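Chains, contacts and geometry: an overview
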Amino acid sequence: MTVVHDFTLEPLDWHPYVKTVELSQATPEQLDALKVTPSNTKVSAYVLVLAQEAETLAERTPLFNDIMYSEGGLSRGGRELGALAASFVNHCVYCAAVHANRYIQLEKRPEVVDEIYRSGLDADLPEYDQALFNFGVDLTAHPDNVGVYQFYHLREMGLDDLEILDLIHSVAIFGWANRLMHTLGEPHRKD
Amino acid sequence: MSEQTTFDVIDSVLGLGAGSELKALREKRDKLKALTQSSYLAALRPKEPRNFPYALRAAIAARMCGLWKVDELAAHYRGLLEQEGATPELGNVADAGWTPGDAPSRLTAILRHVDLVTLKPKAATRANIEALYAAGLDDRDIVTLAGLIAFVNYQILVVAGLKMLRDN
């Protein structure tokens, strides 16, 4: 059981610092909130922590899924890149690993992820990916002062309003997810 | 539908009325928009506020918006605080420029956590959660606080991003 502090693409387990809800003792409201998670075979420790606030979890799960998986607009890969940019700024090692792997799976371009893992926030990427990544970094790191240049760069790359809206949400939902996952527990290497 | 279910905080703070292009764009993602608003209600006005009364939640939210200088949203939360019942102490909490003294207390521990996780989540460690337990918070309190901080930061990022679409 090794705690992981550095970014990695290896499979990780997330271990909470706080107690999880015991399924055998869950209230009807908690069970209802737990049901809507995409992984129906096994409920993760993360979701069992969040189930302590069932009312919030019941809204959050479908919101997360709609932001990352809705039809049309920004590509699935583009949304994963937004998630990855946020997770790198906020140093959420677990979120980064999950979404980097998902990006590779969807886009079949491991070199983009490799460069982000090598150079971090200074990653030198193909222009389209660079525009998305930089916008995500900027919005996450200082929402009070997002570079207008980053926004125009998205336009130059041909993103339309709906695609930009989808990118904003994919970055923002990881401003949420990172603040839970990175603060309420830590990743361990799978044994 | 009641006022509560049709009102949308983000449209309201950005001044998006009928005929607004950005409002129409947001409505292309109507499910997401509705779930963002229902998440707001779950974070700020849950059925069981337990150890985090509505007024304290509103004050903490106003503080986070102040930390990121998202003035429109901060003004909304200060208004909500007035509605829920402001006190001089909660007025201090809502003021991002105010920091509690060194005397250990539940409120001091909460605000330290709010400020850290809002501005520098990267720096958070297990020790920060231990500090909350030491100040008397229980497991659910810690999840409640984390959820409030995380939701409001999401909302701050959405508002900041939407302002770029509105103004450029």
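The rules behind the values
- Residues numbered from 1 in each chain as written.
- Chains lettered and ligands numbered in written order.
- Predicted model: local features only at pLDDT ≥ 70, side-chain atom pairs only at ≥ 80, totals over all residues.
- Heavy atoms only, no water.
- Helix = DSSP H or I, 4+ residues; strand = E, 2+ residues; numbered from the N terminus.
- Rg over C-alpha atoms; globule rule 2.2 N^0.38 Å.
- Contact = heavy atoms within 4.5 Å.
- Areas by Shrake-Rupley, 256 points an atom, 1.4 Å probe, with all protein chains shown as cover.
- UniProt positions renumbered as here; feature names shortened; annotations may be inferred.
- Buried area = accessible area lost by both parts, 1.4 Å probe.
- Salt bridge = Lys/Arg side-chain N within 4 Å of Asp/Glu carboxyl O.
- Polar contact = N/O pair within 3.5 Å; in protein donor to acceptor, adjacent residues only side chain to side chain.
- Nonpolar A, V, L, I, M, F, W, Y, C, P; charged D, E, K, R; others polar.
- Buried < 20%, exposed > 50% of the residue type's maximum accessible area, 1.4 Å probe, protein only.

If you look chain B up in an unreviewed UniProt entry, it shows as CMD domain protein from Mycoplana azooxidifex.

Within an unreviewed UniProt entry, the label attached to chain A reads Putative peroxidase-related enzyme, and the organism entered is Mycoplana azooxidifex.

Digging into the overall build of chain B
Helix and strand content of chain B: ten helices and zero strands. For a compact globule of 168 residues, the expected C-alpha radius of gyration is about 15 Å, and chain B comes in at 16 Å, within 12% of that figure. With the C-alpha coordinates aligned to their principal axes, the bounding extent of chain B is approximately 50 × 35 × 30 Å. When contacts within chain B are restricted to residue pairs at least 6 apart in sequence, those whose partners lie at least 24 apart make up 67%. Carbon and sulfur atoms provide 52% of the accessible area of chain B, an area that totals close to 7200 Å².

With respect to the UniProt feature "transmembrane region" (unreviewed entry) in chain B
Under the UniProt annotation, the feature "transmembrane region" (unreviewed entry) is placed at residues 142-162 of chain B. As annotated, residues 142-162 of chain B has a helix share of 100% and a strand share of 0%, and its two end C-alpha atoms lie 30 Å apart.

Side note on the interface of chain A and chain B
Chain A puts 55 residues into the contact, and the matching count from chain B is 47 residues. Overall, the association of chain A and chain B removes approximately 4500 Å² of surface from exposure, summing both partners, and the carbon and sulfur fraction of that is 67%. Contact with chain B buries area across many residues of chain A, yet A:Tyr17, A:Glu53 and A:Arg179 alone supply 15% of it, more than any other trio. Between the two partners, chain A and chain B, sit six salt bridges. Close ionic contact of A:Glu53 with B:Arg140 constitutes a salt bridge, the shortest N to O distance being 3.4 Å. Our enumeration of links across chain A and chain B arrives at 17 residue pairs in polar contact (both at pLDDT 80 or more). Of all the secondary-structure elements, those providing two or more residues to the side of chain A that touches chain B are α2 (45-50), α3 (54-69), α4 (76-89), α7 (127-141), α8 (148-156) and α9 (161-184) of chain A. Here the side of chain A that touches chain B takes 17 residues from α9(A), the largest share from any one element. Class assignment of the residues belonging to the side of chain A that touches chain B gives a composition of 26 nonpolar, 14 polar and 15 charged.

A short note on the pattern of salt bridges
Enumeration according to the criterion identifies 26 salt bridges over all chains in this entry. Notably, a salt bridge pairs A:Arg76 with A:Glu80, separated by 3.1 Å at the nearest N-O pair. With A:Arg76 and A:Glu80 both in helix α4, this residue pair falls four residues apart, about one helical turn. Given the relative accessible area of 23%, A:Arg76 is considered partly exposed. A residue is classified by how much of its surface remains accessible, and A:Glu80, at 0% relative accessible area, is buried. Of the charged contacts, one joins B:Asp102 and B:Arg112 as a salt bridge, the two residues approaching to 3.7 Å between their closest N and O atoms. Within this pair, whereas B:Asp102 is found in the loop between α7 (88-94) and α8 (106-119), its partner B:Arg112 is found in helix α8, the two being separated by ten residues in sequence. You can call B:Asp102 exposed: its relative accessible area is 71%. Shared partners join several salt bridges into a network, and the residues in it are B:Asp8, B:Asp11, B:Lys23, B:Arg26, B:Glu27 and B:Lys33.

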